Amino acid sequence: MEKVAFIIPCWNESLTIEKVVKDCKKAMPEASIYVYDNNSTDGTAEIAEKAGAIVKHEYQQGKGNVVRRMFRDIDAECYIMLDGDDTNPPEFAPEMAELVLNKGVDMVVGDRLSSTYFEENKRPFHNFGNTLVKGSINLLFKSDIKDIMTGYRAFSYNFVKTFPILSKGFEIETEMTIHSVSHNMHVANVVTDYRDRPDGSESKLNTYSDGFRVLKTIFRLFKNYRPLLFFGLSSLILFIIGLCFFIPVLANFMKTGLVPKIPTLVVSCFIMLTAILSLFTGIILDVIVNKDKQAFEFRLQQAHANKVLLEKSDD
């Protein structure tokens, strides 16, 4: 098992990948450097290999698919993931690795938003999107993650080997964050600098389509990880709507003893029934989620046991 491994997902980053690999070597000479090429057509893989990286390939397009492959392939005590576009300075990697190796942190988030991100990033909608996503997740999951969308992170062996990756694209960072918060894993923030892409290098992110996918991921994971709150809110909204239909009917009945608006009464009853069903759905799913959290703790123990065996085999 390796001590520290840099893992770098790449798609057409020929302008920057050589510098990224060399900067990683300079920051942590003892670490292995893996570049996972995702169907690049500009010679990224060849340049990375010449620079001294171990180059592997993932042929399913999408960052989530690349991360899944990296997590499966590599065994290390600490994984440091950063982008191949030279926006994440590797000189912060030793501090991040220290937290994983010696402080028991499961995921270290490279916090760009507290440093130079808003000055360097020239795309205002990206800035707004990062702020919106951070605020939404911290509110919904009662967390204090400083940068949700950053691709600069460090992970423990236990996190990597127990994280079930469902996302295929750039929404993978959101999924990582919500998974770690929901399962009470130890998360730390390290403030890092951010550099905008050099001239000629273009972002692979589409502000609108990828932003929509991220918001859809938040909605899906909120429903999956906090079903009682999700369906409880739905139940409350439906109950209020049903009440709004029912109150005029009740008021008219109290005055005249008649119910002239039978259809309105029927609709209000159906809405109230749906509200009750939604509430009980949330309660049942919440029990299932808690059972899954118990099972996850056993998976963590198994991952730790596998890590100990790998370390002994290396000795």
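Residues numbered from 1 in each chain as written. Predicted model: local features only at pLDDT ≥ 70, side-chain atom pairs only at ≥ 80, totals over all residues. Heavy atoms only, no water.

With that settled, the discussion passes to the pattern of salt bridges. Once their charged atoms are close, side chains differing in charge can pair, the charge on each being opposite to the other. Under the criterion given, the structure shown has 12 salt bridges. Across the pair Lys19 and Asp86 runs a salt bridge, and its minimum N-O distance is 3.5 Å. You can see Lys19 sitting in helix H1 (residues 17–27) and its partner Asp86 sitting in the loop between strand S4 (76–81) and helix H4 (93–103), a full 67 residues away along the chain. You can call Lys19 partly exposed: its relative accessible area is 40%. (Salt bridge = Lys/Arg side-chain N within 4 Å of Asp/Glu carboxyl O. Helix = DSSP H or I, 4+ residues; strand = E, 2+ residues; numbered from the N terminus. Buried < 20%, exposed > 50% of the residue type's maximum accessible area, 1.4 Å probe, protein only.)

It helps to recall that an α-helix has 3.6 residues per turn; residues three or four apart then point in one direction. The end-to-end C-alpha distance of helix H11 (residues 262–314) is 77 Å, a good match for the 78 Å that 53 residues give at a rise of 1.5 Å each. Considered for burial, the residues of H11 that qualify are Ser268, Ile271, Met272, Ala275, Ser278, Gly282, Val289, Phe296, Leu300, Ala303 and Lys307. (Expected span 1.5 Å × (residues − 1).)

Among the secondary structure elements, Lys307 is positioned in helix H11. For the pair Lys307 and Tyr157, spaced 150 residues apart in sequence, the C-alpha separation works out to 7.4 Å.

Among the 11 residues of helix H8 (residues 172–182), 10 are classified as buried, and the element is accordingly described as predominantly covered. Regarding H8, the residues found buried are Ile172, Glu173, Thr174, Glu175, Met176, Thr177, Ile178, His179, Ser180 and Ser182. At the C-terminal side of H8, Asn184 shows a positive phi close to 55 degrees.

Moving on, we get to the side chain of Asp83. As for its placement among the helices and strands, Asp83 is situated in the loop between S4 and H4. Here the side chain of Asp83 touches Lys63 through a polar contact of 3.0 Å, side chain to side chain. (Polar contact = N/O pair within 3.5 Å; in protein donor to acceptor, adjacent residues only side chain to side chain.)

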